[in-house]
Each structure stands twice: as structure tokens, then as C-alpha cells.
Amino acid sequence: YYKTMKKILLIIILFTSACGYNPIYLNKNLDNFKFLTVTLNGDKEINRKIVSALSIKEDKSNLNNENLILDSSFKIEETSKNSKGQVTSYRSTITVKFTIKENNEIKKNKEFRDSFAYGNRENKFDLVTYQNEVKNNITNKIIEEIIFYMNLEW
């Protein structure tokens with residue numbers, strides 16, 4: 001049994017190391033995420049999470065003269081009500097506008113948007129807790145989309 005496992009492990013190691021495998025979200029150019037200025041507008045929590053996850057840094061000595069503007073918003077909408085007028089479902093939506101300017105001209109501009117629909121909860125504390133989880137999950141998904149976009153564009 002152990003000899004078979006060793007052979008399988010050896011084959012996996014050979015295939016993943018010999019074929020040039022790279023994870024799709026591997027960010028090879030972390031220096032490219034340094035900007036002359038970083039401007040954050042909108043939802044502070046979302047912006048902080050994006051900046052932290054992407055290791056975005058402000059560097060006044062940056063020679064590329066690029067400025068990053070992140071503009072994010074979080075919105076919760078009531079999507080349906082019952083016959084008594086009570087809310088039965090919601091939709092949470094996050095929008096992030098990602099703009100890179102160089103010498104006051106837009107170099108790259110992309111809007112990321114995602115939403116999630118869910119039912120109401122009996123307990124309002126549970127509802128708020130769930131809405132925070134939804135916000136966190138949508139933010140993580142948008143971060144993955146930004147990473148993918150930045151790795152393709154750079």
C-alpha cells in the first residue's frame with residue numbers, strides 16, 4: 001500500500017513541477033501594486049479589505065506616476081414582501097470601481113459588481129449577522145476578480 005502511495009505521490013510531484021504549472025491567482029509582480037497615491041472612496045471596510053488582500057501600497061518615490069482610485073459601495077435592497085407588507089427577501093450588492101490614472105489620464109478603468117439574494121430571518125440579530133457574512137463573501141469574490149484582472153492586464 002505504501003509503495004503504491006509513494007509512486008502516486010512521485011507522479012503528482014513530477015507532473016506539477018515539470019509542466020510549468022503556476023496557480024492562476026499567483027501575483028508575480030507585487031511591485032506593480034505600488035502607486036504614487038491611493039484614493040479610497042465609499043465603503044471603508046470593503047476598501048480596507050481590498051487594499052490588504054492585494055498588498056496595495058502607496059509609494060511617493062514610485063517612478064511610474066500611477067494613481068489608484070478605489071470607489072466601493074454596498075447596498076441592501078428589499079426584493080419581495082408578503083401580503084402583510086413584511087420583507088421576505090433581500091439582495092446585497094457590492095460595486096467596486098477600480099481606476100488607475102497616470103498623469104491625470106485614465107490608464108485602466110474597470111467596474112466589478114456582484115450581488116447575492118437571500119431570505120429574511122426571524123431574528124434581526126441573525127439577519128444582520130448573515131448580511132455581514134454575505135458582504136464578506138461578495139467582497140472576497142470581487143477581490144478574486146480583481147486579482148484575475150490585474151494578473152491578465154499586467
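Calculation rules
- Residues numbered from 1 in each chain as written.
- Predicted model: local features only at pLDDT ≥ 70, side-chain atom pairs only at ≥ 80, totals over all residues.
- Heavy atoms only, no water.
- Core = buried A, V, L, I, M, F, W, Y, C linked by side-chain atoms within 4.5 Å.
- Buried < 20%, exposed > 50% of the residue type's maximum accessible area, 1.4 Å probe, protein only.
- Helix = DSSP H or I, 4+ residues; strand = E, 2+ residues; numbered from the N terminus.
- Contact = heavy atoms within 4.5 Å.
- Pairing = 2+ DSSP bridges.
- Arc of directions from axis to C-beta.
- Polar contact = N/O pair within 3.5 Å; in protein donor to acceptor, adjacent residues only side chain to side chain.

Student: Help me out: how do you make sense of the nonpolar core in this one?
Tutor: Considering soluble globular proteins, one finds that nonpolar side chains tend to be buried as a cluster. In this structure, I50, L54, I56, L68, V96, F98 and I146 are the most contacted members of the largest nonpolar core, which totals 27 residues. Put simply, the parts of the chain that give this core at least two residues each are α2 (44–54), β4 (66–81), β5 (87–102), β6 (105–119) and α3 (124–153). At nine residues, the largest contribution of residues to this core is made by α3. Excluding residues within four positions of it along the chain, L68 makes contact with F35, T37, V38, T39, I56, F98, T99 and I100.

Student: I keep staring at unusual backbone geometry and nothing clicks. Help me out?
Tutor: Peptide bonds are, in most cases, trans, and in most cases residues other than glycine have a negative phi. Positioned with a positive phi, S55 is a non-glycine residue whose angle comes to about 55 degrees. Note on placement: S55 falls in the loop between α2 and β3 (57–58). Look at S55 and you get partly exposed, because its relative accessible area is 30%. The phi dihedral of N103 is positive, around 55 degrees, even though this residue is not glycine. Positionally, N103 belongs in the loop between β5 and β6. You can call N103 exposed: its relative accessible area is 53%.

Student: I tried to follow the pairing of β6 on my own but got confused; where do I start?
Tutor: Regular strands have side chains that alternate between both faces of the sheet. As paired elements, β5 and β6 share 14 bridges and run antiparallel to each other. Bridging across to β6, T95 finds its partner in R113. The antiparallel pairing of β5 with β6 creates a hairpin that spans two residues between the two strands, and N103 there sits at a positive phi of about 55 degrees.

Student: Explanation requested: α2 in the structure shown.
Tutor: Side chains that are three or four residues apart share a direction in an α-helix, a result of its 3.6 residues per turn. Of all the positions in α2, only I46, N47, I50, V51 and L54 are classed as buried. For α2, the angular spread of buried residues about the axis comes to 130 degrees, placing them on one side. Turned more than 90 degrees away from the buried face of α2, the exposed residues are K44, R48 and S52. With a side-chain oxygen lying 3.1 Å from the backbone nitrogen of E45, the N-terminal cap of α2 falls on D43. Following α2 by one or two positions, S55 has its phi on the positive side, about 55 degrees.

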